[in-house]
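Chain by chain, the residues run as shown.
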Amino acid sequence: DAGVIQSPRHEVTEMGQEVTLRCKPISGHDYLFWYRQTMMRGLELLIYFNNNVPIDDSGMPEDRFSAKMPNASFSTLKIQPSEPRDSAVYFCASSFYYHRETQYFGPGTRLLVL
Amino acid sequence: DQQVKQNSPSLSVQEGRISILNCDYTNSMFDYFLWYKKYPAEGPTFLISISSIKDKNEDGRFTVFLNKSAKHLSLHIVPSQPGDSAVYFCAACSYNNNDMRFGAGTRLTVKP
């Protein structure tokens, strides 16, 4: 398996623009997680899905952030409108069941909002 | 609020010596702790974990120590190798709760 795939790997955009980050989890995994990494706050869990259903989105910072999982092999994290403080590395992770050690992380998307 | 803190942003050690990475937490409800390792341009990978019913867990060169009264845990790497150079994240959670909190990470550099 290719592992968790994220695209794009790097994104530079201007404030106010819409940003869409994409994730393909490992086949067969039924949990999917979105994290954000910043220097100040480290890794933060934004939202996670189980069987394509959002379970906990309490980590989503604002209404500008939304996440979807239309099917078992694809998820998106959208920021609209983007702001400079959204600049961070966004990781997607997937696991076969909700067990922290079994979470496999993607390589991340480095987002820079100017 | 930062419930998990790694106060040392970086650490440099000589190959063969011991590396000690520290982590403090504030939430007494946390009862499960993990360490992740991250290389540049890659996602974090799980390294080792410990439950609050233990005070030590060992896996090869890696040992995690937990001091519940001090709300402190540490990761020991002995002997350190250049390939251990990476960013190490500490994480804490309640085992029955889905909320896992990460520290900001410590960048370890092991010099040959």
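What counts, and at which threshold
- Residues numbered from 1 in each chain as written.
- Chains lettered and ligands numbered in written order.
- Predicted model: local features only at pLDDT ≥ 70, side-chain atom pairs only at ≥ 80, totals over all residues.
- Heavy atoms only, no water.
- Helix = DSSP H or I, 4+ residues; strand = E, 2+ residues; numbered from the N terminus.
- Buried < 20%, exposed > 50% of the residue type's maximum accessible area, 1.4 Å probe, protein only.
- Areas by Shrake-Rupley, 256 points an atom, 1.4 Å probe, with all protein chains shown as cover.
- Lys, Arg positive; Asp, Glu negative; His and termini not counted.
- Charge placed at Lys NZ, Arg CZ, Asp CG, Glu CD.
- Phe/Tyr/Trp six-rings, centres within 6.5 Å; stacked < 30°, edge-to-face > 60°.
- 1 Å grid on protein atoms, 1.4 Å probe; cavity = no way out; pocket = protein on both sides within 12 Å on 5 of 7 lines; lining within 4 Å.
- Points joined across faces, edges and corners; volume = space filled by probe spheres on them.
- Nonpolar A, V, L, I, M, F, W, Y, C, P; charged D, E, K, R; others polar.
- Disulfide = S-S within 2.5 Å.
- Pairing = 2+ DSSP bridges.
- Contact = heavy atoms within 4.5 Å.
- Buried area = accessible area lost by both parts, 1.4 Å probe.
- Salt bridge = Lys/Arg side-chain N within 4 Å of Asp/Glu carboxyl O.
- Polar contact = N/O pair within 3.5 Å; in protein donor to acceptor, adjacent residues only side chain to side chain.

Peer 1: Got a minute to help me understand the overall build of chain A in this structure?
Peer 2: Within chain A, the regular secondary structure consists of zero helices and eleven strands. When the helices and strands of chain A are read in sequence order from the N terminus, they spell out β-β-β-β-β-β-β-β-β-β-β. With the C-alpha coordinates aligned to their principal axes, the bounding extent of chain A is approximately 35 × 25 × 25 Å. Per-residue burial over chain A gives 52% buried out of 114 residues. Per element, the accessible surface of chain A, about 5600 Å² overall, is 52% carbon and sulfur. One finds the centroid of the 11 positive side-chain charges in chain A at a distance of 3 Å from the centroid of its 13 negative side-chain charges.

Peer 1: It is not clear to me how the packing of aromatic side chains should be interpreted in this structure. Could you clarify?
Peer 2: Ring pairs (aromatic) are described by centroid distance and by the angle formed between their planes. Here the structure, examined in full by the defined rule, presents twelve aromatic pairs over all chains. Ring centres 5.2 Å apart and planes at 35 degrees place the aromatic pair A:Y35 and A:F105 in the tilted group. Of this pair, A:Y35 sits in strand β4 (residues 31–38) while A:F105 sits in strand β10 (residues 104–105), placing them 70 residues apart in sequence. An aromatic cluster of at least three residues, connected via ring pairs, comprises A:Y31, A:F33, A:Y35, A:Y48, A:F91, A:F105, B:Y36, B:F46 and B:F102.

Peer 1: Sorry if this is basic, but what is going on with the layout of surface pockets here?
Peer 2: Take a probe with the size of a water molecule and roll it over the atoms, and the empty space left behind shows itself. Its volume calculated, the largest pocket comes out at about 590 Å³. Taken together, 27 residues make up the lining of the largest pocket; nearest its centre are A:Q37, A:M39, A:R110, B:V87 and B:R107. Only β4, β9 (88–95) and β11 (109–113) of chain A together with β9 (86–93) of chain B provide two or more residues apiece to the lining of the largest pocket. In terms of residue count, β9(A) provides more of the lining of the largest pocket than any other element does, three residues in total. Here the lining of the largest pocket is composed, by residue class, of twelve nonpolar, ten polar and five charged.

Peer 1: So what exactly am I meant to see when it comes to the state of the cysteines here?
Peer 2: Residue and element names in this part refer to chain A. As enumerated under the stated definition, the model contains two disulfides over all chains in all. Between the sulfur atoms of C23 and its disulfide mate C92 the distance is 1.9 Å. One disulfide, between C23 and C92, carries an S-S torsion of -65 degrees and so falls in the left-handed class. Taken together, the positions of C23 in strand β3 (residues 19–24) and C92 in strand β9 put the pair 69 residues apart, joining distant regions of the chain. Since its relative accessible area comes to 0%, C92 is described here as buried.

Peer 1: Even after reading the chapter, I still don't get the sheet that holds strand β7 (residues 62–67) of chain B, so can you show me in this structure?
Peer 2: The strands that make up a sheet pair up through hydrogen bonds in the backbone, lying either parallel or antiparallel. Residues and elements named next belong to chain B. Strand order in the open sheet formed by five strands is β1-β3-β8-β7-β6, and the pairing between neighbours is antiparallel. The outermost strands of the open sheet, each flanked by one partner alone, are β1 (4–5) and β6 (56–59). The pairing of strand β3 (residues 19–25) with strand β8 (residues 72–77) spans six bridges and is classified as antiparallel. Bridge assignment links L21 to a residue of β8, and that residue is L75.

Peer 1: Could you clarify how one ought to interpret the interface of chain A and chain B in this entry?
Peer 2: A common measure of how large an interface is: the accessible area buried when the components associate. At the interface, 19 residues of chain A touch 22 residues of chain B. Taken over both partners, the interface formed by chain A and chain B buries close to 1700 Å², and the fraction arising from carbon and sulfur atoms is 52%. Between the two partners, chain A and chain B, sit zero salt bridges. Applying the counting rule to chain A against chain B returns two residue pairs in polar contact (both at pLDDT 80 or more). Broken down by element, the side of chain A that touches chain B gets its largest block of residues, four residues, from strand β5 (residues 42–50) of chain A. Of the residues belonging to the side of chain A that touches chain B, the class tally is ten nonpolar, five polar and four charged.

Peer 1: Just to check I follow, could you spell out the pattern of salt bridges for this structure?
Peer 2: For side chains bearing opposite charge, pairing can occur when the charged atoms are close. All names here are of chain A. Under the definition given, this model contains ten salt bridges over all chains. For E62, the salt bridge is made with R64, and the minimal N-O distance between the two is 2.8 Å. Close ionic contact of E83 with R64 constitutes a salt bridge, the shortest N to O distance being 3.5 Å. With a gap of 19 residues between them, E83 in the loop between β8 (74–79) and β9 and R64 in the loop between β6 (53–56) and β7 (65–71) connect regions that are remote in the sequence.

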